[in-house]
Amino acid sequence: MNHLFVDSLTVIDFAYLDPTRGLVGESWIADIVLGGELDEQGMVFDFSNVKRTIKRVIDERVDHRLVIPRGYAGLSWDEDTPDTFRWALKDGSEIVHRSPDEAIVWLSAERVVPSAVAALLETELKAVLPANVISVEMNLREEVIEGAYYHYVHGLKKHLGNCQRIAHGHRSPIRIDRNGLRDEALEQRWAKRWEDIYVGTEEDVVRRHVDDHGVGYVTFEYEANQGEFELTLPEARVYMLETDTTVELIAAHIADELKREFPTDSIRVKAFEGVGKGAIAAR
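Chains are numbered independently. Their residues run from 1 in the order of the written sequence. Per-residue local features of the predicted model are confined to residues with pLDDT of at least 70, and side-chain atom pairs are confined, for both listing and counting, to 80 or more; whole-chain, interface and lining totals are unaffected and use all residues. Hydrogens are left out, water is left out, and the side-chain values use all remaining heavy atoms of the structure.

**Some thoughts on the environment of Ser 135**
Put simply, DSSP marks the helices as runs of H or I at least four residues long and the strands as runs of E at least two long, and each gets a number from the N terminus on. Examined against the element boundaries, Ser 135 turns out to sit in strand 8 (residues 133–141). Three labels apply to residues, based on accessible area from a 1.4 Å probe with only protein chains included: buried if under 20% of the type maximum, exposed if over 50%, partly exposed otherwise in between. Assessed through its relative accessible area of 25%, Ser 135 is described here as partly exposed. A sequence separation of 64 residues divides Ser 135 from Gly 71, and the C-alpha atoms of the two residues are 27 Å apart.

**Looking at the packing of aromatic side chains**
When the centres of two rings from Phe, Tyr and Trp lie within 6.5 Å, Trp using its six-membered ring, the rings pair. Their planes under 30 degrees apart give stacked, over 60 give edge-to-face, and anything left gives tilted. Applying the stated criterion to the full structure yields 13 aromatic pairs. Aromatic side chains Phe 85 and Trp 106 sit 5.9 Å apart centroid to centroid with 65° between the ring planes, which places their arrangement in the edge-to-face category. With Phe 85 in strand 5 (residues 84–88) and Trp 106 in strand 7 (residues 104–107), this pair connects stretches of sequence that are 21 residues apart. With relative accessibility at 3%, the residue Phe 85 sits in the buried group. You can call Trp 106 partly exposed: its relative accessible area is 25%. An aromatic cluster of three or more residues is present, and its members are Tyr 150, Tyr 152, Trp 190, Trp 194 and Tyr 239. Stacked on the ring of Phe 262, the Lys or Arg Arg 178 has its end atom at 3.7 Å from the ring centre. In this scheme, Lys NZ or Arg CZ marks a charge over a ring once it lies within 6 Å of the ring centre and within 35 degrees of the ring normal.

**Thoughts on the sheet that holds strand 14 (residues 216–224)**
Spatially, 4-5-6-15-14-13 is the arrangement adopted by the six strands of the open sheet, whose pairing is antiparallel. Edge positions in the open sheet fall to strand 4 (75–77) and strand 13 (205–210), since each of these has one partner strand only. Ignoring strand direction, the axes of neighbouring strands in this sheet form an average angle of 15°. One ladder, built from three bridges, connects strand 4 with strand 5; its direction is antiparallel. Its bridge partner lying in strand 5, Trp 77 is registered against Phe 85. For two strands to count as paired, DSSP must find a minimum of two bridges between them. Every axis in this analysis is a line fitted to C-alpha atoms, fitted for helices over the stretch in contact. Angles between the N-to-C directions lie between 0 and 180 degrees.

**Describing the packing of helix 3 (residues 184–193) against helix 4 (residues 247–261)**
For the pair helix 3 and helix 4, interaxial distance at closest approach is 13 Å and the crossing angle is 125°. In terms of axis orientation, helix 3 runs oblique to helix 4. With respect to the hand of their crossing, helix 3 and helix 4 are arranged in right-handed fashion. Residues Leu 186, Arg 189 and Trp 190 of helix 3 lie in contact with helix 4, whose contacting residues are His 253, Ile 254, Glu 257, Leu 258 and Glu 261. Each residue belonging to the contact of helix 3 with helix 4 can be placed in one class, and the counts come to four nonpolar, one polar and three charged. Oblique is the label for any angle not under 35 degrees, not over 145, and not in the 65 to 115 range, which are roughly parallel, roughly antiparallel and roughly perpendicular in turn. Here a crossing is taken to be left-handed if its near helix is turned anticlockwise relative to the far helix by less than a right angle, and right-handed if that turn runs clockwise. Here, residues are in contact when the closest pair of their heavy atoms is within 4.5 Å. By the convention adopted, Pro, Cys, Tyr, Trp, Phe, Met, Ile, Leu, Val and Ala count as nonpolar, Lys, Arg, Asp and Glu as charged, and the other residues, Gly among them, as polar.

**A word on helix 3**
Among the residues of helix 3, Leu 186, Glu 187, Trp 190 and Ala 191 are the ones counted as buried. Down the axis of helix 3, the smallest arc covering the buried residues is 140°, so these residues share one side. Facing away from the buried side of helix 3, by more than 90 degrees, are the exposed residues Ala 185 and Lys 192. The definition of a polar contact used here is a pair of N or O atoms within 3.5 Å, where within protein one atom must be able to donate a hydrogen and the other to accept one, and adjacent residues in sequence count solely through side-chain atom pairs. Near the N-terminus of helix 3, the side chain that reaches the backbone nitrogen of Ala 185, with its oxygen 3.2 Å away, is that of Asp 183. What the arc covers is the set of directions going from the helix axis to the C-beta atoms.

**What about the packing of helix 1 (residues 47–61) against helix 2 (residues 114–126)?**
Contact pair helix 1 / helix 2: the axes reach a minimum separation of 10 Å and the direction vectors enclose 130°. Considered as vectors, helix 1 and helix 2 are oriented oblique to each other. Crossing of helix 1 over helix 2 shows right-handed handedness. Listed contacts from helix 2 to Ile 54, Val 57, Ile 58 and Arg 61 of helix 1 are Leu 120, Leu 121, Glu 124 and Leu 125. Here the contact of helix 1 with helix 2 is composed, by residue class, of six nonpolar, no polar and two charged.

Here it is in structure tokens:
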């Protein structure tokens, strides 16, 4: 059997639910290996079609979605509101999510791990690839980051594409320069502050409340062109911005906070949004 491979085909930016970590933003690099017989062109699959076909399936199925493992015992929903589900966390708190179907993907597993998501995508790809392609092997991996990084989730209601989904996310490095020199201590401080965090917009908050156990919650709600979205999270797992949460505004916010802390210093923040892209703010 012949094999074709494409490393670093694309990056999947998404969010998933974890019993302990809660709502987790993630960015996985996708590598693909196709095995099969050669076609009339002497190819397993035309490289020019790889991104057009394979990347499209990956993007439509998982990218910018919330991945939910069906096998988790703490998952529940009301049959009267099938678009809403509850996720019980190990610390006794919960997450409540409501969205159109296209914003989520159900995973037949107890937890979200790369191998389970890869198996889902391999099945989807086998259904659309030509008959001469006999095997599909996908590897999903994190970027190797030397330095500080954080996992964050957000939603951009004004975005016309899939970023409008209220729970999608990224695994992102950060670079902070102070007076022209890299400050790794500040990078680590922000990475710790934004460890598994939801970055929310104050304008989208519709309710704050404290439950019977003393846990504070914040509920975000908005309508975008894909439909209505709602998300309730423990307030301790949320970082609020007065602005929207685009990466440009995130970089500006961090730079402004650092400038307030060090008013006489020059500050430069390079905030990534996943792998190899992001925004720069200088103060």
